[in-house]
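Residue-level listing of the chains:
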Amino acid sequence: MASKDVKLMAHLMRRAGFGASRERLDELVEQGYDETVESLLSAVDRPTRMTDNLIRRYHPEYSGMMGNQSPSGNWMYRMVSTDAPLREKVGLMWHGMFATGYSKLANGKVLHDQIRMFERHGMGSFKNLLTELSRDPAMIVWLDNSENHNGSVNENYGRELLELFSMGVGNYTEQDVKEAARAFTGWTIGNTEYMTLKSARDSVWPYGRLSFHFEYKEHDHDSGEKEFLGHKGNLNGEDIIDIICEQPATAAFLSRHMYSFFVADEPPVPEWPYKEPRDPEAIAALSKVYFDSDYNVEETLRFLFKSDFFKSEGAHYQRVKSPAELVAGVLRLTGEFDRPKVDMNPTNLQSTYMGQWLLNPPSVEGWHWGTEWIDSGALVERVNFASERLGNIESPGVQTLIDRILSDGNGGMNAEELIERALDELSVSDISYKTRSALVEFAEVQVNQSDSGKPGPEQVANVLKLVGATPEFQRA
Amino acid sequence: MVTAQRKPSLVVIQLSGGNDAMNTVVPYTNGIYHDSRRAIHLTEDNVIDLNGMLGLNPSMGPMKSLWDAGKLAIVQGVGYPQPNRSHFRSMDIWHTAESDHIADSGWLGRTIRELDPDGNNVITGINFGRGLPRALHAKGVPVASVGNLETYGLMPDIVDRMTREMAVDVFARMYGPDDTRDAMLQAISETGMGAYLGADILRTAPASYSSSIEYEADVPIAQNLRDISQVLLADVGTRVFYTQHAGYDTHAGELENHAKLWHELSTAVNDFIADLEEHGRGDDAVVMIFSEFGRRIQDNGSGTDHGSGGVAFVLGNPVKGGLYGEYPSLDLSEQVEGDMKFNNDFRGIYATVLDQWMGINPQVILNKNYEQFDMIRR
Amino acid sequence: MTTTAKPRTTRLTYNRTIGVAGMQGRGFYYPWSVAVAADGTYFILGRGSDSDPRGVRMVAMNLEEEYFGTFGSFGEGSGQAIWNASTAIDSQQRLFTSDDHLNRILVRTLEGELLDTWGESGTDEGKLNGPTGLAFNSKDELLVSDHLNGRIQKFTIDGKHLSTIGEFGSGDGQLNLPWGLHVDGDDNLYVADWGNDRIVKFSSDGEFLANFGSVGRGEGEFDAPSDVCVDSDGYIYVADWGNQRIQVLDAGGGFVQQNEGQATISKWAQDFLDTNVEESAARDASDLDMDLVFNTDDPHERSAHIEKLFWGPTSIAIDNDGHVLVVDSNRHRLQVFNVVTAG
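Residues numbered from 1 in each chain as written. Chains lettered and ligands numbered in written order. Predicted model: local features only at pLDDT ≥ 70, side-chain atom pairs only at ≥ 80, totals over all residues.

**Describing the overall build of chain B**
A tally of regular secondary structure across chain B gives 10 helices and 12 strands. Computed over its C-alpha atoms, the radius of gyration of chain B comes to 22 Å, within 12% of the 21 Å expected for a compact globule of 378 residues. Dimensions of chain B, computed from C-alpha atoms along their principal axes, come out at roughly 75 × 45 × 40 Å. Taken over 378 residues, chain B has a buried fraction of 56%. (Helix = DSSP H or I, 4+ residues; strand = E, 2+ residues; numbered from the N terminus. Rg over C-alpha atoms; globule rule 2.2 N^0.38 Å. Buried ≥ 20, exposed ≤ 12 C-beta atoms within 10 Å, placed from the backbone.)

Below is the structure:
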C-alpha cells in the first residue's frame, strides 16, 4: 500500500510529467518533494542532439515533415523518451491554449517549429512568449496575420490574441480588437505568396516542404496613432503585448489555464465568463505570483507545485487524462520505445483515434478537456489501448511490473493482494468500491487458474489489462 | 437487443486524396480533354459510354449496371466558392459544410443529433474505420468507430474467448451505476456503459447475417461495405453510416492506380446494393460518394495535381438516376487557374439528401438554404 | 549565400540535380541509398515514410533523368520491405538491399526479379540486428553494417557468415550504430560510425587502421555521418548527415573541401513547374536563398528553410563516369558533383 508521500509524488509526476513507475516514485520520495519540483523545473536545457538525430535517422517523415502525422509523431516520441517531461507538458498546455493546426497549414515543419518554440520560451516570461507567438510563422498563417495589411486590416489574430490567448472575452471592446489588429499589421512571413500557395495546394513539389520564417514589413505596418485599453500612441505589436500583460484579466485568465491544466479540470473556456473558478483563492494566489515574478511562468509553476491547493488530496485525480497524456503515460510505463521503431506512427495515431490529433486541433479554440474527452467511441479506444499495452508481456516495462508484483508474495497471493499490488504499481489509488470488487472477482478467477495458488505472469498481465480498463485509470 | 423501426439510412463514402473527376466521368468527345491529358487520357474505345458525350472510366462497369437500372445520379461540377486545394482544408470544408471559416462540428454529427437529440442510441451514427472523421463530430453526440466489425468491442486483443467474455463482463460491472462516485467518475462510467451497450448490440450483427453476395476479400472498401450491410440489416437503429476509400491522390501513375481504385469501389458498391436487394431492403438506403476536390485539367506527365471542380454520386433504389448539373466547360476562358469551375455547391447535395431522403430540415444542419436537386423518388 | 569556409582545394564542383518528390512513378519519397550498375543505370532505394509507405521501392533512372521503372513495395511479404536501408550491386550485377526492420537482405536482378532472401534476427555471429550499410569487396563478399549489434559482418552472397569486424563501443575499432560502408580498391573498409561521429577505416582483414574526425561542426568534424565513399585517388567523401553537408578528406583524413548543397531545378521538377504555372510564378517571385538568423546551431533548421541546401544526405557514391552522387533524402532528389582532378 502506497504511503502518503508516494501518493503525493505520484500526483506530482502525473501532472508535471506523464506519470512514473513505482520504482521511480520511491527514488523521488527519497530525494524529497521540493527537490523533485526543482529538478523538474530546471531540466529544461537538456541536450537534444542525440534524441533529434535518432528520430531523424529512423523516421525520415519526422525529419522532412512531408506527411500529416509528422509533427505529432515526432512530438509523441519526444514525450515518451524525454527526461524533462515538464517541458513537454508545458508545451502541451500552450498547444491547447494557442491551438494551431495542420488542416490549414499543410506543413508539419512549421507546426513542429512552434512546439520547439514553446519548449524554448514556454517556461520564461509570458510577455516574451506572446511576442514569440506573434512572430511564429505557423500562428501568422493559421490566424491570417499574413492577410493583415496597412489599410486593410484582418482582425483574426488581434481578436484571438485577446479572447483566447490572454484576457478572455468581456475584458476589452471591439475597438480594442481593431486597434490590436492594426498594431500587428506588417507582422508576416517571408515569401508570403509562395508559402501560403504551397500550403493552400498542399504541395510537396518539387522538393518537399519549406519552412516559414517571420518577416516584419515596415511598409505594410500601420504606424498611425492607436488607442488600446486606454493607452494612446503609435503602438506596435510589442506595445500591445506589454499592455496585455499588465492586465489583471490576463493574470486571472492565464492562472485559470494553469490551474485547469495542472491542478484540477475547470470547465472549457467558453463557460468561464459564466462559471466561477473552482478555487478562486488559488487563482488569486497564482495571479499574484504572475505579477510579482514579472510574468514568469517558471516561478508561477514553482509556486503552484508547492502550494497546498496542488498537494491537497482534494486535487488528486481531478483531471481527465488527455489522449496524448494517456498514450505517452502508458508508453513510458511499457518501455517499448527505448528507440525509434516502426510502430511509432500507428501508436501515435492512437491519440488521434481517442480524439486528440496533436497539432491538428478542431479549431483555434483547441480541444474541450475534462469529461468532454470521453465519448463512447473515444472511451473504447482508450480502454483498448491501455489494456492491450499494459497487458503485453513482451514489453520490457510490463515484464518489470509483473516481476515486481510477483516478487511480493512469496507465500502465495490472494486476489485482494494481487489487485492491491497492481493498483499500486500503476499508481491508481482512490478507487471506488464497485471497481475494486469487480477487479477482485476477476483476480480470483485468475489466481484459481494457477495450481500453486500464486498467479503466474499471464494472470498478472490480465489483471494489469483490467486495471488499464477501469474508469479510475482515465484520470490523471 | 434493440429493435428499431426501419427508417431511411444514409451511407456516405469519402474518396480520400482528391478523385480525378475528368477521368471518372470522361468528356471523351472533347478535344480540349485530349489535348490537356496527353499522358493519361481515356479514349472512345475504352470508356463506358453514357450519352454519346460522356463516358465512365472503363473500370466502372459495375456502376454502369446501376446507371442502366436508373439508380445512379451523377452530379457534375461539384465544389464551393474559392476552392482550396489542400487535402485537409478542403476535406474539412466538406465535413463541416462551412467554407469560409473553421467550424467546430460536422454536418453528419449535427444530423445525428437531430435524429437522436437525447443520445438514446449510441449507434445512431457509425464510422467504419478508425478515428472519427470531422463530418461525424458534434459536441455531446455519441458515434461509434468500428475498425473491424468481427472484432469490434472492448479488449479485442484478448485471444482466449472465455477470458475476454469475463473481462468484458467485469468492465460492465466496473462502469455500472455507483452513487459513491464523484461527478467526473459518474460521467466516465455512464459513457462506458453506453460504449459497452453499443458494442454488445453491434456484436450481434455479423452473427445474424447471411448473404449470397461475396464481397471482394482483402479489399478494405468491400469489407467496410459488407460490415455496413450487416449492421443495416440487423435493424439496430443506425441511420448514418460513414466510410472511406483512400488513395485518390494520383499525382503519378494515374491510369493504372485510378482504374484499380474505381474497380474496387464500383464492385463493392454494386455488391452492397445487390446485398440489400437480396434482403428486400434496397429501398432503405441511399449512398452518397464524394471527394474533397477534383484535379487539374492538364496532366503532369504521369498523373494529375490538385485541382477543383469534382463529381459526386448519389445512388440506390430511392434515387432518380441521371446526370445532374452541367459538365463544366473546359474552354481556357472558363477554367479557374487551370481547373474546372464548379457550378453546383456541394451543400445542395447535402440539402437534397437531408430534406428529400432523411426528412430533416436542411437549414437546421447547414445554417443556410441551398438549391436542391429533384433526385429522390417519393 | 556562400559556404562558410573558403575551400583550400577544389575537388568537387556542382553538376546538376536529378529527381523530384513523388510517391509513385517518376520521383522519390525519402530516397535513402543509391547504387550504380555496370551499364550506368542508377538504382535509388526509397525509405518511404511512416504514414505513406508508397515510397518504399526502387527507382531506376540515369543521369539524364530517363526513367526506367520501379519495383519493390512495402510489407513483410516476399520481396517486400519495411525499412529499406541500403543497396549495393555485385560484380555479377545482382542488386542487394537491406531492411533494418525485417533484418534481412533481398537479392534481385536489375529488372527487379527476386533471386534470394536471407538474414536471421539475433545477436549471435552471423545474425542481424538492423542491417543498414552494404558494400562489396573485390571478392564479391558482402559487408553488412549490423548496426544495432555495433559491428560489421562479412557474408558470402548467399548469406554465409565469414567474419566480424568491430564491436559496440567508442574506442579504436569500436562502433556505435554504424551506417554507410565503402570498400576501396585495396579492399580497405570505411565505416560511417554514426553514433561516434567519425569515419573508421579497417584493413581488408578487419584490422583497425584509423579514425577520421570527431564530433563538431568545424572542418573535418562530423555530426553523425551517414555514408562514405573513396575515389581512385584515395580522396574520401563523407555524407556529414547531421551537419547537412558533404566533406572531402584526403587519404590521410585531412580536410580538403566541404559543400552544403547547391541544388537547382531538375528536369522532373521542371515538368511539375510547367504544369502548375501559378505555383511556378509565385516561386519565381520569391527569394529562396535568403539570409536568415536561426535560434539554434542545428543545421537542420537552415536546411528546412533554404531549398538548395542538403537536408538529410543519407548516401554518397561515385558513378562509372566519376560523378559523385549525393542522396538528398528530405528533399527527394540527388545532387550530382564533378570530381576535379588536379593538373
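**A few points about the overall build of chain A**
On a plain count of helices and strands, chain A comes out with 26 helices and 4 strands. Computed over C-alpha atoms, the radius of gyration of chain A comes to 24 Å, within 12% of the 23 Å expected from 2.2 N^0.38 for 476 residues, which places it in the range of a compact globule. Dimensions of chain A along its principal axes, counting C-alpha atoms only, are 85 × 55 × 40 Å. The proportion of buried residues among the 476 residues of chain A is 60%.

**Description of the sheet that holds strand 19 (residues 208–212) of chain C**
Residues and elements named next belong to chain C. Reading across from one edge, 16-17-18-19 is the order of the 4 strands in this open sheet, with antiparallel pairing throughout. Looking along the sheet, the strands with just one partner apiece sit at the ends: strand 16 (181–183) and strand 19. Neighbour-to-neighbour, the strand axes of the sheet open up by a mean angle of 20°, direction not taken into account. Strand direction decides the pairing type here: strand 17 (residues 189–193) and strand 18 (residues 198–202), joined by 5 bridges, are antiparallel. Bridge pairing in strand 18 links V191 to V200. (Pairing = 2+ DSSP bridges. Axes fitted to C-alpha atoms, helices over the stretch in contact; angles between N-to-C directions.)

**Points about the nonpolar core**
Core analysis: the largest hydrophobic core is formed by 249 residues, its most contacted members being L10(B), A73(B), M288(B), A312(B), V314(B) and V353(B). It is helix 6 (residues 183–207) of chain B that contributes the most residues to this core, 9 residues altogether. Here this core spans two domains, since at least three of its residues come from each of domain 1 (49–315) and domain 2 (323–468) of chain A. If we skip the residues at most four places from it in the chain, V353(B) touches L10(B), V286(B), M288(B), V314(B) and M358(B). Among the nonpolar cores identified, the runner-up in size contains 89 residues, and A21(C), Y29(C), L143(C) and F155(C) belong to it. (Core = buried A, V, L, I, M, F, W, Y, C linked by C-beta atoms within 7 Å. Domains from an automatic or database assignment. Contact = placed C-beta atoms within 7 Å.)

**Description of helix 16 (residues 248–262) of chain A**
For the α-helix, the turn length of 3.6 residues means that residues three or four positions removed from each other point alike. The first and last C-alpha atoms of helix 16 of chain A sit 21 Å apart over 15 residues, in line with the 21 Å expected at 1.5 Å per residue. Where burial is concerned, most of helix 16 of chain A is hidden: 13 out of the 15 residues are buried. (Expected span 1.5 Å × (residues − 1).)

**Quick notes on the domain arrangement of chain A**
All names here are of chain A. Structurally, chain A comprises domain 1 (49–315) and domain 2 (323–468). The C-alpha centroid of domain 2 is placed 33 Å from the C-alpha centroid of domain 1. Taken together, the contact between domain 1 and domain 2 spans 28 residues of the former and 26 residues of the latter. Of all the secondary structure elements, the ones that give two or more residues to the side of domain 1 that touches domain 2 are helix 4 (49–58), helix 6 (70–81), helix 7 (85–97) and helix 8 (102–105). Across the side of domain 1 that touches domain 2, the residue classes tally to 18 nonpolar, 8 polar and 2 charged. (Nonpolar A, V, L, I, M, F, W, Y, C, P; charged D, E, K, R; others polar.)

**Structural notes on the interface of chain B and chain A**
With 45 residues of chain B at the contact, the number on the chain A side is 42 residues. Where the side of chain B that touches chain A is concerned, the elements lending two or more residues are helix 3 (87–96), strand 7 (144–146), helix 5 (161–174) and helix 6 of chain B. For the side of chain B that touches chain A, the element with the most residues is helix 6 of chain B, which contributes 11 residues. Residue composition of the side of chain B that touches chain A, by class: 22 nonpolar, 14 polar and 9 charged.

**What about the sheet that holds strand 2 (residues 31–36) of chain C?**
Residues and elements named next belong to chain C. With antiparallel pairing, the 4 strands of this open sheet are ordered in space as 2-3-4-5. Both edges of this open sheet fall to strand 2 and strand 5 (67–71), since each of them pairs with a single strand only. Taken pair by pair, the neighbouring strands of this sheet meet at an average axis angle of 20°, ignoring direction. Both strand 4 (residues 58–61) and strand 5 contribute to a ladder of 4 bridges, which runs antiparallel. Within strand 5, the position partnered with V59 by the bridge is T70.

**Focus: unusual backbone geometry**
The step from W205(A) to P206(A) runs through a cis peptide bond, and the omega angle for that step is 0°. You can see P206(A) is positioned in the loop between helix 14 (192–200) and strand 2 (214–216). Located in the positive-phi region is Y30(C), a residue other than glycine, with phi close to 55°. Following the sequence through the fold, Y30(C) ends up in the loop between strand 1 (12–18) and strand 2.

**Topic: the environment of A103(B)**
Residue and element names in this part refer to chain B. With respect to the secondary-structure elements, A103 resides in the loop between helix 3 and helix 4 (107–115). Placed 11 residues apart in sequence, A103 and D92 show a C-alpha to C-alpha distance of 8.6 Å. Residues in contact with A103, not counting those within four places in the same chain, are T96 and E98.

**Examining the pairing of strand 12 (residues 151–155) of chain C**
Residue and element names in this part refer to chain C. Counting buried positions over the 5 residues of strand 12 gives 4, a clear majority of the element. Direction of pairing for strand 11 (residues 142–146) relative to strand 12: antiparallel, over a ladder of 5 bridges. Bridged to L142 within strand 12 is F155. Turn length for the strand 11-strand 12 hairpin, with the two strands adjacent in sequence and antiparallel, is 4 residues, and the turn residue G150 shows positive phi of about 65°. As paired strands, strand 12 and strand 13 (residues 161–165) are joined by 4 bridges and run antiparallel to one another. When the sheet's bridge partners are listed, K154 is paired in strand 13 with S163. Hairpin remark: strand 12 followed by strand 13, antiparallel, with 5 residues in the connecting loop; positive phi at G159, about 95°.

**Overview of the packing of helix 10 (residues 126–135) of chain A against helix 15 (residues 237–245) of chain A**
Residues and elements named next belong to chain A. Two elements in contact, helix 10 and helix 15, have axes whose closest approach is 10 Å; the angle formed by their N-to-C orientations is 145°. Judged by the twist between their axes, the crossing of helix 10 over helix 15 is right-handed. Across from F126, K127, L130, T131 and S134 in helix 10, the residues of helix 15 making contact are G237, E238, I241, D242, I244 and C245. The residue makeup of the contact of helix 10 with helix 15, split by class, is 5 nonpolar, 3 polar and 3 charged. (Left-handed = near helix turned anticlockwise from the far one by under 90°.)

**As for the packing of helix 12 (residues 156–163) of chain A against helix 13 (residues 174–183) of chain A**
Residue and element names in this part refer to chain A. Relative to each other, helix 12 and helix 13 sit at 120°, their axes nearing to 7 Å. Judged by the angle between their axes, helix 12 and helix 13 are oblique. Regarding helix 12 and helix 13, the two cross each other, and that crossing is right-handed. Only D176, V177, A180 and A181 of helix 13 make contact with helix 12, whose side of the interface consists of Y157, G158, R159, L161 and L162. (Parallel < 35°, antiparallel > 145°, perpendicular 65-115°, else oblique.)

**Brief notes about the pairing of strand 9 (residues 285–291) of chain B**
Successive side chains on a regular strand alternate, one facing one side of the sheet and the next facing the other. Residue and element names in this part refer to chain B. Judged by how many residues are buried, strand 9 sits mostly within the fold: 7 of 7 residues are covered. Of the two faces of strand 9, the one lined by A285, V287, I289 and S291 and the one lined by V286, M288 and F290 are each fully buried. In this sheet, strand 9 lies alongside strand 1 (residues 9–16) in parallel orientation, the contact comprising 7 bridges. Residue pairing for strand 9: L15 is matched across the bridge by S291. Two elements, strand 9 and strand 10 (residues 310–315), share 3 bridges in a ladder whose sense is antiparallel. Paired with I289 across the strands is F313, a residue of strand 10.

**With respect to the confidence of the model for chain B**
Looking at chain B as a whole, the pLDDT averages 92, with 98% of positions reaching at least 70. Two numbers describe this predicted complex: its pTM, 0.88, and its ipTM, 0.95. (pLDDT = per-residue confidence, 0-100.)

**A look at the environment of L418(A)**
All names here are of chain A. Along the chain, L418 falls in helix 24 (residues 415–425). With 26 residues separating them in the primary sequence, L418 and E444 have C-alpha atoms 9.1 Å apart. With near-sequence residues (within four places) excluded, L418 lies in contact with M413, A443, V447, P455 and V463.

**Digging into the environment of Y215(B)**
By secondary structure assignment, the location of Y215(B) is in the loop between helix 6 and helix 7 (220–233). In this view, Y215(B) contacts A222(B), Q223(B), L225(B), R226(B), A268(B) and D271(B); residues no more than four positions away in its chain are not counted.

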